[in-house]
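# Fold and contact review
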Amino acid sequence: MKKLLLHISHAIAIYRPSIFTAAIVVISLSQAPLLGQNTVGGVKTTIPEAEVKRQSQFLMAERERLLNHNDKALELYKKFTYDNPNNDAGWYGLARTYISLKDFPSALEAIGKSVVLAPDNQWYSIYQADIFENIGRIPDALKVYENLLKRFPETPEFYEKLAYLSLQNEDPKRALKALDKWEDLVGVNEEIVFKKHIVYVGLGDVKKAAEELKKLSDAYPNELKYRQDLAEYYDNLGDKVSARLVYEEILRRFPDNAAARMALAGRQEGSDAAKLAAMHPLFDDPAVPIDEKIKAIMPYIQKVSAGEGATLMQNLLDLAALLEKNHPDEAKTWSLSGDLFYQANRIDEALERYRHCLKLNPTVFAVWDNTLTLLAIQNKYDEMLITAERAMDAFPNQPKAYYYYGIAANIKGRQDDAIAQLEQGLLMTANNTRLRLDMIDQIGLALMGKKDFAGAASRYEQSLARGGDQHPAILEHLGDALSLQGRDAQAVEYWKKANEIRRSPELEQKISSGKL
């Protein structure tokens, strides 16, 4: 519960930063020299020397503080407050100096005196509350804001801060009361409603969370976004009936709204295939935004990916064809279409679409990843080498691009290139143990390609204590490197270990023959 409330309070704080800052100007400093007399209303008035001295003391202390000479400022402010114990601005300056020196208890003592001396100066109280909050004394900060609201009950920002601090103090009901009073003061608006909605969601009160969104949409009936938010929230709750009613209301007000039309098309009676078929006219309409189309079919794509709706694949491919027809300049069209053909195991068609996607937008690594995987499956190593190099240029911090390059370079007989890039990529693998071991496997193969069998065996052996002893390819290729050095008995032992993890006819042959 504590962590949840912290997340909620942070969300509220992020939604709109507080107006309060510690930079409160109490006294305006003048660069003019201090004089013993002044003219007020045309009458020459003499200022007492003691007052001139008092002002000079204060200005000197504040000057040192502004110059960040905090030790000097502290000394001067202490003397000033000793000489002028009823000067609220002096105690405030002293408090700020203590804050700069990280002396929070002394800062609180000093600002407390400012508050007592000038209770109607809200900025002193705000600064006091800021200190309480920064040192974790949230209940004390709450008391400050409650007192502020007694004196300044029509200040919306104080209710906002009270709500935030209440959540920090794990008191959501108190936060809701503050938000309610804020709403009573200024009326229903997006900021307050969304904050109350977040709190209710955090409390698990989905009914009241929905009521807040409905209240906002009713208060602003022509603001389409609010009704869409309400419909989507009902959808996320699984309340399809309420969501449908909201979408129908949207269409009554906005008959051409693409999101509502698409949502209702997917809610038709019948099978999933029938629902997808009902989307055809909308998918064939270029005026309907592509994002709405993709959003509508994503649940069905996820079903297919999970193996639950294999019969829907052709329906999805038909809709993907309509995306290609009506949104040919959108990279996401070809990415989605490529993913579907990939899932359908139609490799050539998937590759064609991934290539087109990369021409339109080369900034999504997942597309490079899928493209390189399919090139490897099809043994298209010339294109794989070129594509991997482009991927490394586009994503210099993606180790998998270096891995693909190493595979292709090894197969093309460019072992030195393979080793150079694999070693560089290896530095980026961090906690990705599988990729790190795959890269080491390719480095070993490159060394064997250079006839450095001892070097390959050594590299493989170094990896055994860090997961290599569970990597079948490393175990098999270590056996190969040992066999090529004439150490066949040791080689057979590693082949056997590899075969226990992943059986293969090739390993069985090596084991039975006792050598390569």
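Because the structure is predicted, anything quoted here is derived from the model rather than measured.

Calculation rules
- Residues numbered from 1 in each chain as written.
- Predicted model: local features only at pLDDT ≥ 70, side-chain atom pairs only at ≥ 80, totals over all residues.
- Heavy atoms only, no water.
- Helix = DSSP H or I, 4+ residues; strand = E, 2+ residues; numbered from the N terminus.
- Rg over C-alpha atoms; globule rule 2.2 N^0.38 Å.
- Buried < 20%, exposed > 50% of the residue type's maximum accessible area, 1.4 Å probe, protein only.
- Contact = heavy atoms within 4.5 Å.
- Salt bridge = Lys/Arg side-chain N within 4 Å of Asp/Glu carboxyl O.
- Core = buried A, V, L, I, M, F, W, Y, C linked by side-chain atoms within 4.5 Å.
- Patch = residues over 30% accessible without salt bridge, like charges linked within 9 Å, V, L, I, M, F, W, Y side chains within 5 Å.
- Areas by Shrake-Rupley, 256 points an atom, 1.4 Å probe, with all protein chains shown as cover.
- Lys, Arg positive; Asp, Glu negative; His and termini not counted.
- Charge placed at Lys NZ, Arg CZ, Asp CG, Glu CD.
- Axes fitted to C-alpha atoms, helices over the stretch in contact; angles between N-to-C directions.
- Parallel < 35°, antiparallel > 145°, perpendicular 65-115°, else oblique.
- Left-handed = near helix turned anticlockwise from the far one by under 90°.
- Nonpolar A, V, L, I, M, F, W, Y, C, P; charged D, E, K, R; others polar.
- Expected span 1.5 Å × (residues − 1).
- Arc of directions from axis to C-beta.
- Phe/Tyr/Trp six-rings, centres within 6.5 Å; stacked < 30°, edge-to-face > 60°.
- Polar contact = N/O pair within 3.5 Å; in protein donor to acceptor, adjacent residues only side chain to side chain.

## Notes on the overall build of the protein
- From N to C terminus, the protein includes 29 helices and two strands.
- Taken against the 2.2 N^0.38 rule, which gives 24 Å for 516 residues, the C-alpha radius of gyration of the protein at 35 Å runs more than 25% over that of a compact globule.
- For the protein, the spread of C-alpha atoms along the three principal axes comes to 110 × 65 × 45 Å.
- Expressed as a percentage of its 516 residues, the buried residues of the protein come to 46%.
- Taking the contacts inside the protein whose residues are at least 6 apart along the sequence as the reference set, 49% of them involve residues at least 24 apart.

## A closer look at the pattern of salt bridges
- With the rule as written, the count across this model stands at 38 salt bridges.
- The residue E64 makes a salt bridge to R63 at a minimum N-O spacing of 3.0 Å.
- What emerges from the salt-bridge pattern is a single network uniting D180, E183, K196, E212 and K215.

## What to know about the nonpolar core
- Membership of the largest hydrophobic core comes to 84 residues, with the highest contact counts inside it found for M279 and I297.
- Once you skip the residues sitting within four places of it in the chain, I297 turns out to touch L276, M279, F283, L316, L319 and L336.
- If you look at the next biggest cluster of nonpolar residues, it comprises 65 residues, including V193, A209, L216 and Y247.

## What about unusual backbone geometry?
- Of note, the phi angle at N345 is positive, near 65°, even though the residue is not glycine.
- In this model, K451 sits at a positive phi of 70°, which is unusual for a non-glycine residue.
- Assignment of secondary structure puts K451 in the loop between α25 (433-449) and α26 (453-463).

## Let's talk about the environment of I386
- The residue I386 is located in helix α22 (residues 381-394) in this model.
- Between the C-alpha atoms of I386 and G93, which are 293 residues apart in sequence, the distance is 66 Å.

## Some thoughts on a positive patch on the surface
- Residues K173, K177, K181, K207 and K208 make up a contiguous surface patch of positive charge.
- In terms of residue count, helix α9 (residues 172-186) provides more of the positive patch than any other element does, three residues in total.
- Using a relative accessible area of 51% as the deciding quantity, one classes K181 as exposed.

## Quick word on the packing of α25 against α26
- The N-to-C vectors of α25 and α26 enclose an angle of 165°; their axes lie 7 Å apart at closest approach. Looking at the two axes, α25 sits roughly antiparallel to α26. Crossing of α25 against α26: the hand is left-handed. Here α25 contributes L437, I440, D441, I443, G444, L445, L447 and M448 to the contact with α26, which in turn contributes F453, G455, A456, R459, Y460 and S463.
- Residue classes in the contact of α25 with α26 are distributed as nine nonpolar, three polar and two charged.

## Quick word on helix α11 (residues 206-219)
- Compared with an ideal rise of 1.5 Å per residue, which puts 14 residues at 20 Å, α11 spans 20 Å between its outermost C-alpha atoms and is within 8% of the ideal.
- Of the positions making up α11, those classed as buried are A209, A210, E212, L213, L216 and S217. Angularly, the buried residues of α11 cover 150° about the axis, an arc narrow enough to put them on a single face.
- Elements in contact with the buried residues of α11: α10 (190-203) and α12 (224-237).

## Some details on the packing of aromatic side chains
- Evaluation of the coordinates by the stated rule reveals nine aromatic pairs.
- Ring centres of Y92 and Y124 lie 5.4 Å apart, and the angle between their planes is 40°; this geometry places the pair in the tilted category. Taken as a pair, Y92 in helix α4 (residues 88-100) and Y124 in helix α6 (residues 122-134) lie far apart in primary sequence, 32 residues in all.
- Considering the side-chain rings of Y220 and Y226, the 5.9 Å spacing of their centres and the 65° angle between planes classify their relative orientation as edge-to-face.
- The exposure class of Y220 is partly exposed, given its relative accessible area of 36%.
- An aromatic cluster is present here, built from F58, Y77 and F80 joined pairwise through their rings.

## Examining the packing of helix α27 (residues 472-483) against helix α28 (residues 488-501)
- Axis separation between α27 and α28 bottoms out at 8 Å; the angle between their running directions is 165°. Considered as vectors, α27 and α28 are oriented roughly antiparallel to each other. Seen from above, α27 lies across α28 with left-handed handedness. On α28, the residues touching P472, L475, E476, L478, G479, D480, L482 and S483 of α27 are D488, Q490, A491, Y494, W495, K497, A498 and I501.
- Partitioned by chemical class, the residues of the contact of α27 with α28 number nine nonpolar, three polar and four charged.

## So, the side chain of S217
- You can see S217 is positioned in helix α11.
- One polar contact links the side chain of S217 to the main-chain carbonyl oxygen of K214, over a distance of 2.9 Å.
- Filtering out sequence-adjacent residues up to four positions away, S217 remains in contact with Y226, R227 and L230.

## Here we look at the environment of L385
- Topologically, L385 is positioned in helix α22.
- When the C-alpha atoms of L385 and Y124 are compared, they prove to be 67 Å apart, with 261 residues separating the residues in sequence.
- Here L385 is in contact with Y405, A408, A409 and R414, once residues within four sequence places are set aside.

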